[in-house]
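Descriptive analysis of the structure
Next come the chains, spelled out residue by residue.
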Amino acid sequence: MSDKEDMTEAAFIERFVNHMVLVGGTEFADGSSIEEYAREVAPTYWADSDQREDGPEACADADMDCWEYAG
């Protein structure tokens, strides 16, 4: 089994959150917490097996790519 197949949801979420905070920082421009946001959205990536297969860091990167286009 690969690392991705062995990964638990909790481990996926922690890696997703850690990567997003490492790359994105601790706060959005409005002062809201990037960690809290990451903990809210990480389970949605876990729930989709196609996205989960890419790994937590790739999922976090994909989510952050969308930030540039937001309002």
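Residues numbered from 1 in each chain as written. Predicted model: local features only at pLDDT ≥ 70, side-chain atom pairs only at ≥ 80, totals over all residues. Heavy atoms only, no water.

Our focus in this paragraph is the environment of Gly 24. Residue position: Gly 24 is located in helix α2 (residues 9-24). Its relative accessible area of 29% is what places Gly 24 among the partly exposed residues. Distance from Gly 24 to Asp 61, taken between C-alpha atoms, is 9.4 Å for residues 37 residues apart in sequence. Contact partners of Gly 24, with chain neighbours within four places excluded, come to Ile 34, Met 64 and Trp 67. (Helix = DSSP H or I, 4+ residues; strand = E, 2+ residues; numbered from the N terminus. Buried < 20%, exposed > 50% of the residue type's maximum accessible area, 1.4 Å probe, protein only. Contact = heavy atoms within 4.5 Å.)

So, on to the confidence of the model for the protein chain. Per-residue confidence for the protein chain averages 90 on the pLDDT scale, and 87% of its residues sit at or above 70. When pLDDT is averaged over each element of the protein chain, helix α3 (residues 34-47) comes out on top at 98 and helix α1 (residues 3-6) at the bottom at 63. (pLDDT = per-residue confidence, 0-100.)

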